[in-house]
Each structure stands twice: as structure tokens, then as C-alpha cells.
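Residue-level listing of the chains:
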Amino acid sequence: MTGTPRPFRVLFAGTPQVAVPSLENLVESGFEVAAVLTREDAPVGRKKTLTPSPVAARAQELGLPVIRANRIDDQAMAAIAKTEADVAAIVAYGGLVPELALQMLRHGWVNLHFSLLPAWRGAAPVQHAVIHGDDVTGASTFQLEKGLDTGPVYGTLTETIRPEDTSGELLTRLSNSGAILLAQTLSAISMDKAVAVPQSGDVTLAPKLGLEDGHIDWKQPALALRRRINGVTPEPGAWTMLQGQRFKLGPVVLRQDRQDLRPGQVELASGGAASALVGTGSCAVQLQQVQPAGKKMMAAADWARGLGQREDVHFE
């Protein structure tokens, strides 16, 4: 007489909001989530209030055990061992998984990565895809190994990049479709039907973006500027300098009909049809949302209306 088969147990590792749909879908799909590994509570806002990560908050709502660790050290590995998980599903955890931890679980660690590997290996695949003007991106599930996003791939999905997409909007779509792909991959692994195929094709890297990556060079062509602004929205954010202070920018609209403004020159129109155009290395762009230093994000038309007909505004 045989006993009841042991349920397939999953350790979920993730931290930001983009990982939440994957966690929710695993629970909704009937997987036994043994525990959730996420980064420690972090200070948020002006008051630096210690706040759980989005994944930690959702895990608590779902009644799941939470392991908080900014790095997978001996203490974290001991906690992982106690979960008796068969596999780990990792989505934007935000820390390296040491080789010893990779070997702990029977089926290893399965990573959901938001690119079509080996394209855009690294921390910011969606941002780089948008900045570089890719027409199509996607998501991949792969076996995590010691190298940076180098492991064999279980499955992929594709997603068209729209001209107006910001990285935030694109990542939201990928996080939802990728959650389904991850569950399908884990289901196949649980039934010993998963096949991981070595990566092939051209390798591109997507390192984490910093503040300077959002600094707009108005000498660049308008299309390249729009892609960069979209790619760094919402993080780390697009900005320029105005009168010695950082001036933040939202997505822009190309104005092919205006080729007469110098790079960085701002043309303001006030009144009922208020607008703000900026010259680039090709045609002008029309600002949609702006955030002057010390103020909240506002409509560019309101900002232009407040300045009136000034002709001395120039972005650096």
C-alpha cells in the first residue's frame, strides 16, 4: 500500500511589484508555495518609514511564510532548507543566488526574466529594449546557474513594443503574461516534462540604469530622445537642466512639422492652446508632463501657461 504523493513545493523569491503577479498566479494555480523569500523592509518616503516589499506585503495577505534577506547567506539558506521546497521560482528578487544555494533544491531555481534570452541579460532588460528601439521583446523562464542569465531556457513568450510604451507600461504587461509562463514551466517540471534548451544567438547586456542614464542630450535625434525618455520612465526618470536645477520630464510627442528649433531651445505658447516645444538634433518634441525643481509633476501646458511668452528658456 502506497501513501499519498508528497505535494510539489515551491519557494518563491521576489521583491518589487513586478513580481507580485507571478506569486499570485502560483497560488491561484494551486501550487503549494512553501515560503516567500524577499528583501528586508526598506525605508520609504520622506519620513523613511520601514515598509515591507510589495511581495512581502502580498505574501502576508495570502498567509504565506516570509523569509526576509537582502542576501542569501548561511542564515537565509538554513531558512530555505526548512521549507523542504522542490524548486525555487525567482522573479526580480534583487540579490545574487550563491552556488551553494543553487544546489539546495531538487529542481534548482527557475528564473522568470523579462527578455528573449540571450538578448538583454542583466538587471534592466525592458528599459534597454525600449531605449534601443526594439520592435519585439518578451519573457523567458530558464534554469538559474552561476553565470549572469546564462542558463538553459524552458519557455518564452513575445510582446510587441509599441512606439508610445514606457518601460513601466511594458513591464506591467510582461509581468502578467510572464506569470502564466512561469506557472506553466513549474507545472511541466513537476510532471518531469520540462525541457531546458541551451541559449543561442547574439548576447546583449542590460546593466542597471543610474540617474545619469536619464539625462537628456538634446543634440540627439528626436526619435532617440523619445525612446530614452520612455525607457527610463518611471525609473530612474528622464531629466534635463534648467537654470542650474534638475527639471524632470515625462514622455514626449514627436513634432515632425517643426525643424526650426535649436537643440534644447524651448518654445512656449500660453493661452488656451498652451504648449512647450523643445528642439533636438532633428525635429522638435512636444512636452506632455514636466516636474520643475521643488514641485510636483504637472501638465506641460500648465507649466507653459505659467511662464507666458518667455523666449529665454533653454534646456541643458
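In this report, we go over the structure that sits alongside the text. (Residues numbered from 1 in each chain as written. Predicted model: local features only at pLDDT ≥ 70, side-chain atom pairs only at ≥ 80, totals over all residues. Heavy atoms only, no water.)

Quick look at the sheet that holds strand β11 (residues 245-249)
Here comes step 1: Taken in spatial order, the four strands of this open sheet run β10-β11-β16-β17, and their pairing is antiparallel. Each end of this open sheet is capped by a strand with a single partner; those strands are β10 (238-242) and β17 (298-299).
Here comes step 2: One ladder, built from two bridges, connects β11 with strand β16 (residues 289-291); its direction is antiparallel. Residue pairing for β16: K248 is matched across the bridge by Q291. (Pairing = 2+ DSSP bridges. Helix = DSSP H or I, 4+ residues; strand = E, 2+ residues; numbered from the N terminus.)

Regarding the side chain of Q127
Here comes step 1: The topology assignment puts Q127 in helix α5 (residues 125-131).
Here comes step 2: On the basis of relative accessible area, Q127 is assigned to the buried category, the value being 17%.
Here comes step 3: Here Q127 is in contact with S167, L209, G231 and E235, once residues within four sequence places are set aside. (Buried < 20%, exposed > 50% of the residue type's maximum accessible area, 1.4 Å probe, protein only. Contact = heavy atoms within 4.5 Å.)

Regarding the nonpolar core
Across soluble globular proteins, you tend to see nonpolar side chains buried next to one another.
Here comes step 1: F12, L26 and L186 are the most contacted members of the largest nonpolar core, which totals 35 residues.
Here comes step 2: At seven residues, the largest contribution of residues to this core is made by helix α6 (residues 167-190).
Here comes step 3: Contact partners of L186, with chain neighbours within four places excluded, come to F8, V10, L26, F31, V87, A89 and V110. (Core = buried A, V, L, I, M, F, W, Y, C linked by side-chain atoms within 4.5 Å.)

Topic: a nonpolar patch on the surface
Here comes step 1: Nonpolar side chains collect at one region of the surface, where L148, V203 and L205 lie side by side and expose about 290 Å² of accessible area between them.
Here comes step 2: Structurally, L205 is set in the loop between α6 and α7 (222-231). (Patch = residues over 30% accessible without salt bridge, like charges linked within 9 Å, V, L, I, M, F, W, Y side chains within 5 Å. Areas by Shrake-Rupley, 256 points an atom, 1.4 Å probe, with all protein chains shown as cover. Salt bridge = Lys/Arg side-chain N within 4 Å of Asp/Glu carboxyl O.)

Considering the pattern of salt bridges
Here comes step 1: Within this structure, the stated rule accounts for 12 salt bridges.
Here comes step 2: Ionic pairing is found between R173 and D165, a salt bridge with its closest N-O pair at 2.8 Å. In terms of burial, R173 and D165 fall into one category: buried.
Here comes step 3: In this structure, the salt-bridge partner of R258 is E267, at a minimum N-O distance of 2.8 Å.
Here comes step 4: Residues participating in the shared-partner salt-bridge network are E24, R58 and E61.

Details of the packing of helix α1 (residues 20-28) against helix α2 (residues 54-61)
Here comes step 1: At a minimum axis separation of 9 Å, α1 and α2 run at an interaxial angle of 25°. With respect to each other, α1 and α2 are oriented roughly parallel. The crossing of α1 and α2 is right-handed. Across from V20, L23 and E24 in α1, the residues of α2 making contact are P54, V55, R58 and A59.
Here comes step 2: Its residues assigned to classes, the contact of α1 with α2 comprises five nonpolar, no polar and two charged. (Axes fitted to C-alpha atoms, helices over the stretch in contact; angles between N-to-C directions. Parallel < 35°, antiparallel > 145°, perpendicular 65-115°, else oblique. Left-handed = near helix turned anticlockwise from the far one by under 90°. Nonpolar A, V, L, I, M, F, W, Y, C, P; charged D, E, K, R; others polar.)

As for α7
Here comes step 1: Listing the buried residues of α7 in full gives A222, L225, R226, I229, N230 and G231.
Here comes step 2: Tucked into the core, α7 has its buried residues touching α5, α6, β10, β12 (252-255) and β15 (284-287).

Some words on the environment of F114
Here comes step 1: You can see F114 is positioned in the loop between β7 (109-113) and α5.
Here comes step 2: Judged by its relative accessible area of 7%, F114 falls in the buried class.
Here comes step 3: The sequence separation of F114 and T141 amounts to 27 residues, and the corresponding C-alpha distance is 8.8 Å.

Thoughts on the packing of aromatic side chains
Here comes step 1: Throughout the structure, instances matching the rule amount to four aromatic pairs.
Here comes step 2: With 4.9 Å between their ring centres and 55° between their planes, F247 and W303 make a pair best called tilted. Note that F247 is positioned in strand β11 and W303 in helix α8 (residues 300-307), a separation of 56 residues in sequence.
Here comes step 3: Judged by its relative accessible area of 2%, F247 falls in the buried class.
Here comes step 4: Seen in terms of ring centroids, F247 and F315 are 5.2 Å apart; in terms of plane orientation they differ by 35°. Their pairing is tilted. You can see F247 sitting in strand β11 and its partner F315 sitting in the segment after α8, a full 68 residues away along the chain. Here F247 matches F315 in class, with each residue buried.
Here comes step 5: Among the aromatic residues, those joined into a cluster by ring pairs are W218, F247, W303 and F315.
Here comes step 6: Positioned over the ring face of W239 is R246, at 4.6 Å from the centre of the ring. (Phe/Tyr/Trp six-rings, centres within 6.5 Å; stacked < 30°, edge-to-face > 60°. Lys NZ or Arg CZ within 6 Å of the ring centre and 35° of its normal.)

Things to note about the packing of α1 against α6
Here comes step 1: Contact geometry for α1 and α6: axes closest at 8 Å, N-to-C directions at 45°. Relative to α6, the element α1 is oriented oblique. By crossing handedness, the relation of α1 to α6 is classed as right-handed. Counted together, P21, S22, N25 and L26 of α1 and S175, N176, A179, I180, L182, A183 and L186 of α6 form the full contact between these two elements.
Here comes step 2: Its residues placed into classes, the contact of α1 with α6 shows seven nonpolar, four polar and no charged.

What about the environment of L50?
Here comes step 1: Relative to the assigned elements, L50 resides in strand β4 (residues 49-51).
Here comes step 2: The class of L50 is exposed, set by a relative accessible area of 60%.
Here comes step 3: Through-space distance from the C-alpha of L50 to that of R228 is 32 Å; in sequence the pair is 178 residues apart.
Here comes step 4: In this view, L50 contacts D41, A42 and P43; residues no more than four positions away in its chain are not counted.

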